[in-house]
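# Structural characterization, general
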Amino acid sequence: MRHNVNLLGLRYVMLGLNVIACIFMSAVIFAASSLACMTGRSAELLYSVKIVPQNPKALFAYTILLCAAMFLTFAMRQLSARHVRIVTAVTLYVDALLNVIIVLVTDFNTNGFILWTLANIIYHIKSNRKFLIMSLGSFLYMLCNYDLISVYMPLFSVRNYFLFYERNMQQKLFFMYYIMRDLNFLCFVIFCIEVIRRQKSTIDEIRNLYAKLRNANSELREYADIKERMGETRERNRLAMEIHDTVGHSLTGISVGVDTCLAIMDVNPAAAKSQLKVISGVAKEGIADIRRSVRALQESDDTSPLGTQINDMLEKTRLATGIVIRYRCSMELSGMDGDESNTVFRVVQESVTNAIRHGHASEIDIQISECEEGLLMIISDNGIGCEKFESGFGTTHMRERVAMLGGTVNFYSQDGFTVRVVMPVRNGKGKV
């Protein structure tokens with residue numbers, strides 16, 4: 001905004017200087033002609049000026065009208081055509097035409113409006129042609145110089161009219177004439193310098209923005225690479241959890257079932273054969289789980305209700321191991337989201353696997369119920385427990401699964417081993 005105010009202020013000053021200079025020139029000629037007629041000094045005036053305009057009074061009126069027209073086109077651009085290109089273009093063309101008329105009417109005694117019009121054209125042009133226009137306009141300004149044109153054609157000179165007045169008045173008139181002309185040229189030079197400086201500032205800003213954009217693109221590429229690696233890590237971890245949960249649970253059931261078969265093989269071959277059939281089914285189911293995990297990398301291919309999945313998994317474990325498993329659920333599980341259902345299933349599966357593999361338990365109790373926080377799950381066994389609990393791969397990922405949903409997992413080793421899980425449940429809306 002500061003730059004716009006500076007350029008606008010310079011154009012206001014240039015307009016004022018040119019209007020004053022133009023009216024001043026025609027007023028001096030009109031006043032000198034009137035004074036010569038009134039005092040009978042016409043011969044003295046003709047001796048001083050050599051060439052006179054045809055009608056000094058008309059010249060004075062024309063300059064006032066032309067200056068008013070210049071002010072009007074400028075006001076139209078500022079007030080109503082700031083964002084209307086057609087109006088800006090038309091008023092600039094009108095300014096160029098008025099310039100030609102003023103130069104001709106005043107016999108090239110004033111050409112300052114050329115710089116004024118040139119400044120407006122430069123201000124409103126947004127392309128790189130500004131510098132070309134500056135050069136052409138400056139050349140036109142020098143070409144329309146009175147001293148140059150008067151060599152080739154007879155022209156009246158306002159400076160000769162100054163010589164008609166008394167010496168003190170002559171000094172004042174010459175001072176005003178030259179100071180207004182030079183101030184107008186100085187304002188135009190400052191205007192051009194400001195435009196060039198702003199152009200350079202814009203170029204520097206574009207370069208800075210381009211450098212920032214290039215850095216941002218580089219950072220985005222690095223972020224994309226990091227995100228891709230993080231995604232790969234998450235997928236590997238998820239696959240590892242899937243394989244651990246499915247393979248670990250299946251192998252634990254198979255291991256315990258085989259031990260049972262070995263124990264009863266000699267005593268009751270029929271029961272051992274029946275047990276081996278169950279173990280074979282568990283092994284096939286484990287293989288299918290592994291294939292699903294590796295092939296789809298999904299949480300679960302099983303679309304059956306969570307309660308059904310838990311009951312099926314526990315029943316297969318009972319048949320394969322002969323362990324007593326009691327499961328009680330006093331809340332509705334069907335409304336849970338997929339990540340919640342998968343977490344509940346994997347926590348039960350991992351807890352049962354650990355109770356059999358590490359705790360050597362013969363009885364396992366599983367309770368799922370509502371609580372203030374959402375869902376409460378307690379899984380306890382009568383195994384050997386442990387004196388000092390150290391989190392392994394399975395319990396670590398159990399904690400991670402529950403933590404991602406905003407829940408907590410606690411482990412207790414007294415009279416066996418107990419897993420206590422508290423987690424919120426959205427049910428598609430919020431808590432249970």
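These notes cover the structure that comes with them. (Residues numbered from 1 in each chain as written. Predicted model: local features only at pLDDT ≥ 70, side-chain atom pairs only at ≥ 80, totals over all residues. Heavy atoms only, no water.)

Another aspect to go through is the overall build of the protein chain. What the protein chain contains, in helices and strands, is 13 helices and 5 strands. Residue burial in the protein chain is summarised as follows: out of 432 residues, 39% are buried. For the protein chain, the share of sequence-separated contacts (at least 6 apart) that also reach a separation of at least 24 residues comes to 71%. Looking at the protein chain as shown, the accessible area adds up to about 24,700 Å², and 61% of this sits on carbon and sulfur atoms. (Helix = DSSP H or I, 4+ residues; strand = E, 2+ residues; numbered from the N terminus. Buried < 20%, exposed > 50% of the residue type's maximum accessible area, 1.4 Å probe, protein only. Contact = heavy atoms within 4.5 Å. Areas by Shrake-Rupley, 256 points an atom, 1.4 Å probe, with all protein chains shown as cover.)

The next subject is a nonpolar patch on the surface. On the surface, a nonpolar cluster with roughly 850 Å² of combined accessible area is contributed by F139, L140, M142, L143, L148, V151, Y152 and M153. Take the nonpolar patch: its biggest share by element is 4 residues, from helix α6 (residues 130–143). Within the secondary structure, M153 is located in the loop between α7 (146–149) and α8 (158–162). Classification of M153 by relative accessible area gives partly exposed; the value is 40%. (Patch = residues over 30% accessible without salt bridge, like charges linked within 9 Å, V, L, I, M, F, W, Y side chains within 5 Å. Salt bridge = Lys/Arg side-chain N within 4 Å of Asp/Glu carboxyl O.)

What follows deals with the pairing of strand β1 (residues 324–329). Sheet topology places β1 next to strand β2 (residues 363–371); 6 bridges connect them, and they run parallel. If you follow C329 over to β2, its bridge partner there is I368. Tracing the backbone out of β1, into helix α12 (residues 338–357) and back to the parallel element β2 gives a crossover that is left-handed. (Pairing = 2+ DSSP bridges. Right-handed = clockwise from strand over helix to strand, strands pointing away.)

Spanning 14 residues, α6 covers 20 Å between terminal C-alpha atoms, matching the ideal 20 Å at 1.5 Å per step. Looking at α6, one finds that the buried residues are K130, I133, M134, G137 and Y141. Angular distribution of buried residues about the axis of α6 spans 105°; they occupy a single face of the element. Opposite the buried face of α6, at more than 90 degrees from it, the exposed residues are L132, L136, F139 and M142. (Expected span 1.5 Å × (residues − 1). Arc of directions from axis to C-beta.)

The element strand β5 (residues 417–423) is largely enclosed, with a buried count of 6 among its 7 residues. Judged from the 7 bridges that link them, strand β3 (residues 374–381) and β5 form a sheet pairing that is antiparallel. Paired with I378 across the strands is R420, a residue of β5. Relative to β5, strand β4 (residues 408–412) runs antiparallel, the two sharing 5 bridges. In the sheet register, F411 faces β5, and the bridge partner there is V419.

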